[in-house]
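# Observations on the model geometry
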Amino acid sequence: MLENLEREKYKSGDIIFREGDPGACAYIIETGCVEIQVSNTRSARLHRGELFGEIALIDHGTRSATVRAIEDTVLIPVPRKLVSRSEEHTSELQSHLNL
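Below you will find a few notes about this structure. (Residues numbered from 1 in each chain as written. Predicted model: local features only at pLDDT ≥ 70, side-chain atom pairs only at ≥ 80, totals over all residues. Heavy atoms only, no water.)

## A short note on the sheet that holds strand β7 (residues 66–69)
In spatial order, the strands read β2-β7-β4-β5; together these four strands make up an open sheet with antiparallel pairing. Sheet topology places β2 (15–17) and β5 (41–47) at the edges, where each strand pairs with a single neighbour. Looking at each pair of strands side by side, their axes are set apart by 30° on average, direction ignored. Bridging between strand β4 (residues 33–38) and β7 involves four bridges; their strand directions are antiparallel. Bridged to Val-34 within β7 is Ala-69. (Pairing = 2+ DSSP bridges. Helix = DSSP H or I, 4+ residues; strand = E, 2+ residues; numbered from the N terminus. Axes fitted to C-alpha atoms, helices over the stretch in contact; angles between N-to-C directions.)

## With respect to the pattern of salt bridges
Close approach of charged atoms allows side chains of opposite charge to pair. In total, this model carries three salt bridges according to the counting rule given. Note that Arg-45 and Glu-35 form a salt bridge whose closest N and O atoms lie 3.7 Å from each other. Of the two residues, Arg-45 is situated in strand β5 and Glu-35 in strand β4; the sequence distance between them amounts to 10 residues. Using a relative accessible area of 43% as the deciding quantity, one classes Arg-45 as partly exposed. Overall, Glu-35 belongs to the buried group, its relative accessible area being 5%. (Salt bridge = Lys/Arg side-chain N within 4 Å of Asp/Glu carboxyl O. Buried < 20%, exposed > 50% of the residue type's maximum accessible area, 1.4 Å probe, protein only.)

## Remarks on the environment of Val-38
In this structure, Val-38 sits in strand β4. Taking the relative accessible area as the measure of exposure, Val-38 reaches 35% and is therefore partly exposed. Sequence spacing of Val-38 and Arg-18 is 20 residues, and the spatial spacing of their C-alpha atoms is 9.5 Å. Apart from the residues lying within four places of it in its own chain, the contact partners of Val-38 are Glu-19, Ser-43, Ser-64 and Ala-65. (Contact = heavy atoms within 4.5 Å.)

Next up, the structure:
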């Protein structure tokens, strides 16, 4: 399932998206690490296998945080249409991420 999705590469310090941006996809971290900032305050660091950006897909709103790569990072964008079918692919997704 995930092998057919594109990858996006970010260098350390790159902004992936900003709070208030429109959200068309969530992201799975394939490699690297990102920092989540809400109102310019660091709230979390996420690593390989973690998902972020899903809130905008659920509520169809804008991004609720700014996300920045804190090391070179490869992300798998997960489009809204795939998220709506995610329950039927949960075990395949977990297998790909070695969870």
